[in-house]
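The residues making up each chain are set out below.
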Amino acid sequence: MGRTFYVTTPIYYVNDVPHIGHAYTTIAADVLARYKRMAGYDCFFLTGTDEHGQKVEKAARESGETPQELADRVVERFKGLWKRLNISNDDFIRTTQERHKRAVLALYQRAWEKGDIYLGEYEGWYCVPCESFWTETQLEEGRRCPSCGRPTEKVKEPSYFFRMSRYQERLLRHLESNPDFVQPPSRYNEILNFVRGGLRDLSISRTGFRWGIPLPNDPEHVLYVWFDALTNYITAVGFPDDRERFERYWPADCHIIGKDILRFHAVYWPTFLMSADLPLPRRVFAHGWWTVEGKKMSKSAGNVVDPYQVTDEFGVDPFRYFLLREVPFGLDGDFSRSALVHRINGDLANDLGNLASRVLAMTKRYFGGRVPPSHDLMDGQVRSQAERSLKELDRHISDLAFQQALTSIWDLVDLLNKYLDETAPWGLAKDEGKRRELEAVLYNCLEALRLLAIMLSPFMPSAAQRLWEMLGFDSKVEEARIEEVGRWGLLPEGQQTQPPSPLFPRVEDKG
Ligand code: MSP
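What you are looking at is a predicted structure, and each value in this text was computed from that prediction instead of being measured.

1. Looking at the sheet that holds strand β6 (residues 153-162)
- Taking strand neighbours across the sheet as the criterion, the 4 strands line up as β5-β4-β6-β8 in an open arrangement whose pairing is antiparallel. Both edges of this open sheet fall to β5 (132-134) and β8 (202-203), since each of them pairs with a single strand only.
- With 2 bridges joining them, β6 and β8 adopt antiparallel strand pairing. Looking at β8, one finds that F162 is bridged to L202.

2. Structural notes on the site of the ligand
- Of all residues adjacent to the ligand, which total 23 residues, the nearest are I11, D50, G258, D260 and W290.
- Between W289 and the ligand, the recorded distance is 3.2 Å, taken from a side-chain N or O atom to an oxygen atom.
- W290 is positioned such that a nitrogen or oxygen atom in its backbone is 2.9 Å from a nitrogen atom of the ligand.
- When contributions to the shell around the ligand are tallied by element, the ones reaching two or more residues are β1 (4-13), α1 (20-38), α7 (225-230), α8 (232-235) and β12 (254-258).
- Looking at the shell around the ligand residue by residue, the class counts come to 13 nonpolar, 8 polar and 2 charged.

3. Some thoughts on the nonpolar core
- Core analysis: the largest hydrophobic core is formed by 114 residues, its most contacted members being L324, F335, W410, L452, F459 and M460.
- Residue-level mapping places this core at the junction of two domains, with at least three residues from each of domain 1 (4-116 + 163-287) and domain 2 (337-485).
- The contact partners of L452, leaving out residues within four places of it in the chain, are L352, L355, I409, L412, V413 and L416.
- Core analysis: the second largest hydrophobic core is formed by 63 residues, I117, L192, Y249 and W250 among them.

4. Side note on the sheet that holds strand β11 (residues 218-223)
- On the basis of which strands lie adjacent, the open sheet formed by 3 strands has the order β9-β11-β10 and antiparallel pairing. The sheet terminates laterally at β9 (205-206) and β10 (214-215), the two strands that pair on one side only.
- Judged from the 2 bridges that link them, β9 and β11 form a sheet pairing that is antiparallel. By the bridge assignment, R206 is partnered in β11 with V222.

5. Describing the packing of aromatic side chains
- Scanning the model with the defined rule gives 29 aromatic pairs in all.
- A centroid spacing of 6.1 Å and a plane angle of 5° characterise the contact between F162 and Y167, whose relative ring orientation is stacked.
- For F162, a relative accessible area of 0% corresponds to the buried category.
- On the basis of relative accessibility, which here comes to 6%, the residue Y167 falls in the buried class.
- Ring geometry for F239 against F246: centres 5.6 Å apart, planes inclined by 50°, an arrangement best described as tilted.
- Relative accessible area serves as the criterion here: at 5%, F239 is assigned to the buried category.

Reading the values: the criteria
- Residues numbered from 1 in each chain as written.
- Predicted model: local features only at pLDDT ≥ 70, side-chain atom pairs only at ≥ 80, totals over all residues.
- Heavy atoms only, no water.
- Pairing = 2+ DSSP bridges.
- Helix = DSSP H or I, 4+ residues; strand = E, 2+ residues; numbered from the N terminus.
- Near = heavy atom within 4 Å.
- Polar contact = N/O pair within 3.5 Å; in protein donor to acceptor, adjacent residues only side chain to side chain.
- Nonpolar A, V, L, I, M, F, W, Y, C, P; charged D, E, K, R; others polar.
- Core = buried A, V, L, I, M, F, W, Y, C linked by side-chain atoms within 4.5 Å.
- Buried < 20%, exposed > 50% of the residue type's maximum accessible area, 1.4 Å probe, protein only.
- Domains from an automatic or database assignment.
- Contact = heavy atoms within 4.5 Å.
- Phe/Tyr/Trp six-rings, centres within 6.5 Å; stacked < 30°, edge-to-face > 60°.

Any functional reading would require information that these geometric values do not contain.
See the structure below:
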């Protein structure tokens, strides 16, 4: 059955409809999953929705629905978006599913048996929108939430606590001996310092609302949303019932998340797992946040980017490309219409799209559309760049350095454009004595396009598939295995290619 690779996104709250931030994480995880599949892994890619908690309860009250009705309605927006964005998730988890409740209770039970849960009293300042409690000293002026700036409410209530403090030393040792556990490195340092500063026990139950999983030992209390939510990552791989499956996929290879929810994933989650004697995930990667035209994205500013709208206008592949090309994964970035248009017209329509069109048009004109023989001639630089790009792609994707991965691919695109200008096949075509050179040059370009289709497939699945078909293949490029097809010289001589059709139409910058 081969090596496994398990990648996750956060599960998204259903009190809000999907926006560019959700799309970003999910697309990044999708690229990783698609690449790993092509690299021969038995990959499991999970996404889903986080449906419990006070925020959802409140949103439901406001829209006059039950929380379940709200969840059932909003979940469709997420599922629909993933379909539209060509997301290849293997499962979709909802925290209101029975399988999930079972897993949460099993995890809770383990902590209970360890003596890691006790009844205490919680006193703190609560921010409803963030579902976060803050201590007096953490608050901003006017007792405002340090995360979102909105007013907090003072809450004092009995609560069950998880003995997180017990795991401080172990977590610290784990961090120190696994510097790749949290990425990028700046985030690792942030977490290391936080854990060095000491871990306090964590309040994990609430009595102030009902929409959650009741504690078996005290049903007046429902479980705090993060204990519930984080467990999704093990529910979906069979915890606690399906041992074989669980052992196959767990621990996860990578939790991809946004920087705002790093502490939950890199501190709380590992301590829950330690308490339950379960292995820790191998890596937690926190990406940055998008602003929109230079401003923080928010409902009140009315500048929330709706991925349905953007892809209606610009197409799915360009959107996927832009998000991963524009900003190094891990840093913050700015989404603007002009930057998107610029990338589409430059990188996609001009550099890549025209390249493919020119090569295929010449193949048609000079060879009736059939792949000419290679003669192993004049391939030096193209071949070595293609091989370099393939190799770098593997390393960059494994590091989640998507921007660099795309840059490596574009090194080949740029080289091919130069190669065409330098070898000028249209000139060779005029000279009968240069037939062999003409054949070689076009073979090299077509072969490089084949490798480009393979490399682009995780990022832009539809465009890559179209290019693949234009090169005369009738298979699915996403089902290709890099080990088998990712080598120079495999394009069959004589294969009938298709006449070019534009891969990426240019778009007008309406400003
Ligand atoms: N339900 C929790 C996650 C539980 S995981 C066990 C949650 N949900 S969320 O819907 O609020 O956010 C999900 C993700 O969207 C987070 O990773 C967050 O970083 C990301 N983003 C929200 N706004 C964003 C931007 N403006 N830019 C990039 N990502 C952003 O948190």
